[in-house]
Amino acid sequence: MPDSPLLINDHGAVRVVTVNRPDKLNALNAATLDALHAAFDAAAADEAVRAVVLTGAGPKAFVAGADIAEMAGLTPVQGRDFSQRGQRMMRRVERMPKPVIAMINGFALGGGLELAMCCHLRIAADSAKVGQPEINLGLIPGFGGTQRLARLAGRAAALELCLLGAPIDAARAQQLGIVNRVLPAAELEAETMKLAAQLAAAAPLALRGILDCIVHGSEIGLEEALEFETAQFGLIFSTQDMREGTAAFLERRKPAFHGR
Ligand code: COA
């Protein structure tokens, strides 16, 4: 696909999806939203892919937001459609049955932070900056940012970032719980790929159970979520991987998991 706004590369069982519009700081236009949706559908369906790393091309940005040039002329109905298109894609990322790591190599602003918040782990370069600067454009976040930021970092942090619109650095983002780890920029890729390889070697059905329990479970009431966890826990006893993992522990050897 010569015109694709994405680069897709497999490193063993780790798929790396790179938003590739570096001259626009990887801004999300409609074509990029659709390409990401298709790429995540494909990664979900491909059994050979056991973990995904999502990042941005070039030295400056993960994703600097939704494409402002494309948004500037939208009508209200088109604005609603654009929000839905972005939200659907990001929900697809959040509900992936395999872990997704956001490798935040630079600016993650607006739609960029919204996208990163749908990933299951966020690893940032110390040079990265994150924020919800939509207010500076007379806009509000529309790809889930008002909701996911408040759930991830609390209402106070969400109000501060969205109302003031000022980006924060990676260290503050870590203090607020928005990113999991901050690494020197030069080590970001190698360390993120190590984590991804660890996930790719883990038991895929157990990873999926954890993702379902934590992502779905945190969106429903506690009683129902605990029942859901119990059902998932019972189900995992039907897997060969669970037998392999426990047997390997007892036999003092390394387990080999196959997603069965
Ligand atoms: N949408 C569309 N284009 C964008 C963009 C976005 N969200 N963010 C950056 N770009 C484009 C710029 O227009 C510029 O294009 P040009 O070279 O054709 O003029 C190019 O990317 C480089 O950006 P530039 O602003 O020159 O880089 P900078 O290093 O001076 O500033 C930022 C970097 C991230 C601070 C700045 O680009 C910015 O504020 N971007 C918008 C962030 C934002 O508001 N995101 C939320 C959108 S809802």
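No experiment lies behind these values; they were computed from the predicted model shown.

Reading the values: the criteria
- Residues numbered from 1 in each chain as written.
- Predicted model: local features only at pLDDT ≥ 70, side-chain atom pairs only at ≥ 80, totals over all residues.
- Heavy atoms only, no water.
- Core = buried A, V, L, I, M, F, W, Y, C linked by side-chain atoms within 4.5 Å.
- Buried < 20%, exposed > 50% of the residue type's maximum accessible area, 1.4 Å probe, protein only.
- Helix = DSSP H or I, 4+ residues; strand = E, 2+ residues; numbered from the N terminus.
- Domains from an automatic or database assignment.
- Buried area = accessible area lost by both parts, 1.4 Å probe.
- Salt bridge = Lys/Arg side-chain N within 4 Å of Asp/Glu carboxyl O.
- Polar contact = N/O pair within 3.5 Å; in protein donor to acceptor, adjacent residues only side chain to side chain.
- Nonpolar A, V, L, I, M, F, W, Y, C, P; charged D, E, K, R; others polar.
- Pairing = 2+ DSSP bridges.
- Near = heavy atom within 4 Å.

On to the nonpolar core, then. Counting 46 residues, the largest nonpolar core has Leu 36, Leu 54 and Ile 104 as its most contacted members. Per-element tally for this core: the top contributor is helix α1 (residues 30–45), with eight residues. Val 53, Ile 123, Ala 125 and Leu 199 belong to the second-largest nonpolar core, a separate cluster that totals 16 residues.

This paragraph deals with the domain arrangement of the chain. Domain assignment breaks the chain into domain 1 (6–200) and domain 2 (203–250). Inter-centroid distance (C-alpha atoms) of domain 1 to domain 2 is 26 Å. Summing both partners gives a buried area of about 780 Å² for domain 1 against domain 2, and 60% of it is carried by carbon and sulfur. If you look at where domain 1 meets domain 2, you find two salt bridges. For Asp 212, the salt bridge is made with Arg 95, and the minimal N-O distance between the two is 3.2 Å. Here domain 1 and domain 2 share two residue pairs in polar contact (both at pLDDT 80 or more) between them. Of the residues assigned to the side of domain 1 that touches domain 2, the class counts are four nonpolar, one polar and five charged.

The next point concerns the pairing of strand β3 (residues 51–56). Within a regular beta strand, the side chains point alternately toward one face of the sheet and then the other, so they alternate between its two faces. For β3, the buried fraction is high: six of the six residues fall into the buried class. In β3, alternate side chains face the same way, and those of Ala 51, Val 53 and Thr 55 on one face and Val 52, Leu 54 and Gly 56 on the other are all buried. Pairing of strand β2 (residues 14–19) with β3, which is carried by six bridges, proceeds in the parallel orientation. Note on β3: the bridge partner recorded for Arg 15 is Val 52.

The next point concerns the site of the ligand. Around the ligand there are 15 residues in total, and Lys 24, Lys 60, Ala 64, Ala 66 and Ile 68 lie nearest to it. Measuring from a nitrogen atom of the ligand, one finds a backbone N or O atom of Ala 64 at 3.0 Å. One nitrogen or oxygen atom from the main chain of Ile 68 is found 2.9 Å from a nitrogen atom belonging to the ligand. At the level of secondary structure, the elements contributing two or more residues to the shell around the ligand comprise α2 (68–71) and β6 (107–109). Across the shell around the ligand, the residue classes break down as 10 nonpolar, no polar and five charged.

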